[in-house]
Each structure stands twice: as structure tokens, then as C-alpha cells.
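As a plain string of letters, each chain reads:
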Amino acid sequence: MTEKRKARELILTHGTNSPFEIAAEKNIMVLFEDLGKQTWGYYSHTNRIPVIHINNRLNQEQSTYTCGHELGHALLHPRINTPFLRSNTFYSVDKLERQAHRLAVHLLVGLTDPEPGETKQQFLTRCGIPEMFHMFY
Ligand SMILES: [Zn+2]
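Every residue gets a number counted from 1 within its own chain, in the order that chain's sequence is written. Local features in this predicted model are restricted to residues of pLDDT 70 or higher, and side-chain atom pairs are both shown and tallied only at a pLDDT of 80 or more, whereas totals for entire chains, interfaces and linings draw on every residue. Hydrogens and waters are ignored; side-chain quantities use all the structure's heavy atoms.

> Help me out: how do you make sense of the overall build of the protein chain in this one?
Each helix is a run of H or I in the DSSP string that is no shorter than four residues. Each strand is a run of E no shorter than two, and both are numbered from the N terminus. Across its full length, the protein chain carries 5 helices and 4 strands. Of the regular secondary structure in the protein chain, the N- to C-terminal order runs α-α-β-β-β-α-β-α-α. Principal axes of the C-alpha set define a box for the protein chain whose edges measure 50 × 35 × 25 Å. Working definition: with a 1.4 Å probe on protein chains only, accessible area under 20% of the residue-type maximum means buried, over 50% means exposed, and in between means partly exposed. Looking at the protein chain as a whole, 46% of its 137 residues qualify as buried. Contacts were defined at the residue level, with two residues in contact if any of their heavy atoms lie within 4.5 Å. Considering only residue pairs separated by 6 or more positions, the protein chain has 54% of its internal contacts joining residues 24 or more positions apart. Across the protein chain, 15 positive and 14 negative side-chain charges occur, with their mean positions spaced 7 Å apart. By the counting rule applied here, Lys and Arg register as positive and Asp and Glu as negative, while His and the ends of each chain are not counted. Here the site of a charge means atom NZ of a Lys, CZ of an Arg, CG of an Asp or CD of a Glu.

> I tried to follow the sheet that holds strand E4 (residues 85–86) on my own but got confused; where do I start?
Sheet strands associate in pairs through backbone hydrogen bonding, adopting either a parallel or an antiparallel arrangement. Sheet architecture is open: 4 strands sit in the order E1-E3-E2-E4, paired in mixed fashion. At either end of the open sheet lies a strand with only one pairing partner, and these are strand E1 (29–33) and E4. Pairing geometry for strand E2 (residues 39–46) and E4, over 2 bridges, is antiparallel. The residue bridging Thr-39 from the neighbouring strand is Arg-86, located in E4. Across the sheet, helix H3 (residues 60–76) touches E1, E2, strand E3 (49–55) and E4, and the angle it forms with E2 is around 30 degrees. Any two strands with at least two DSSP bridges between them are considered paired. In this analysis an axis means a line fitted to C-alpha atoms, helices contributing only their contacting stretch, and an angle means the value between N-to-C directions, from 0 to 180 degrees.

> Please clarify how the coordination of the zinc ion should be interpreted in this entry.
For a metal bound by four donors in tetrahedral geometry, the ideal donor-metal-donor angle is 109.5 degrees, whereas six donors in octahedral geometry ideally sit at 90 or 180 degrees. The rule for donors is simple: N, O or S, within 2.8 Å of the metal, or within 3.2 Å if the metal is Na, K or Ca. Water isn't counted, so a site may look like it is missing partners. Around the zinc ion, the protein contributes the donor atoms His-69 (NE2), His-73 (NE2), Glu-97 (OE) and Glu-97 (OE), which lie 2.0 to 2.8 Å from the metal centre. Coordination at the zinc ion comes from 4 donor atoms whose angles at the metal span 51 to 135 degrees, giving a geometry best classed as irregular. Donor residues for the zinc ion, ordered by position in the chain, follow H-x3-H-x23-E. Linking His-73 in helix H3 with Glu-97 in helix H4 (residues 95–109), this pair joins segments that are 24 residues apart in sequence. Donor angles set the geometry label: tetrahedral for four donors if every angle is between 85 and 135 degrees, square planar for four and octahedral for six if opposite donors exceed 155 degrees and the others are between 65 and 115, irregular for anything else.

> What should I look at first to understand unusual backbone geometry in this one?
A negative phi angle characterises most non-glycine residues, just as the trans form characterises most peptide bonds. Positive phi is not limited to glycine here, since Asn-27 has a value of about 60 degrees. By the element assignment, Asn-27 lies in the loop between helix H2 (19–25) and E1. Asn-27 sits in the exposed class, given a relative accessible area of 65%. A positive phi angle is found at Asn-47, which is not glycine, with a value near 50 degrees.

> Mind showing me how you'd approach H4 here?
The α-helix winds at 3.6 residues per turn, so residues separated by three or four positions along the chain end up facing the same way. One fewer than the residue count of a helix, multiplied by 1.5 Å, yields its expected span. For H4, which comprises 15 residues, the first-to-last C-alpha distance of 21 Å matches the rise-based estimate of 21 Å (1.5 Å per residue) to within 8%. Within H4, 11 of the 15 residues are buried, leaving the element largely enclosed by the surrounding structure. Of the positions making up H4, those classed as buried are Glu-97, Gln-99, Ala-100, His-101, Leu-103, Ala-104, Val-105, His-106, Leu-107, Leu-108 and Val-109. Next to the buried residues of H4 lie helix H1 (3–14), H2, H3, E4 and helix H5 (120–126).

In short, geometric facts, not functional conclusions.
Pasting the structure below:
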């Protein structure tokens, strides 16, 4: 299944495209922690407990994106220790990273359609996707 289809399925199942609400319904804990200047978040599954960790220094748009990205790992790669989402590896060619990015982008786009005349950049910004991740749409 593509990440786009998976995102649509999640939205239809949960009636929301909010990664925070979907994580809560799936009993995935979301913790806000100070992760320093470089790290946006990571996913862990210690003792079979899935946890999304988000840096509490991020703004709302960044933390929502990070939740979507880590939710992607939690659902697509639940038993794998995935790398930290860090500002120096945003454009990693790692397959798991790209899958998590695509799931986050398509989740945040949700069922929104572009307005006539709207550029791709304007559209994705309106959907709350930080500009550096537009390439994953
Ligand atoms: Zn990741």
C-alpha cells in the first residue's frame, strides 16, 4: 500500500487527519521532551510500549509534522529502531525515512484539495507542512 493510501485509510477510519488524535486512538503515547537544537523527534518501542517523542522546542507546525512522521514509523515500521528526525538528515535517502515523510505529508494534506491558481507550495503551506518537506508530496 502506498503511503498516500495508508494516510487516506487512517483519516477515514479515525475521522480526523490530526496525528495527535490518531496516535491517542491507537494507544501510542506522545511525549514532549527537550531534545536539544537538532533533533525534532523519534519513535521508540521499549517494553512493547510505542512512544512518539517530540522536541518541546518546536513550534506547533513543526511538532504536528513531527508527530505525523513518527506516527508513520509507528504504523509502517513498528518494530524497527528508526533514526532520529534531525535537521541534518531531513533529506536522507533512507527508505524508512522517506516513507515516514510521505505518510506525514499525505496525512496533513488529508482530504484538502488545491484552490484554483494555488501553487503547490502555497497549497502545502496551507496544509501546515513545513517548506523543507514539500518535496515528499
Ligand atoms: Zn524518521
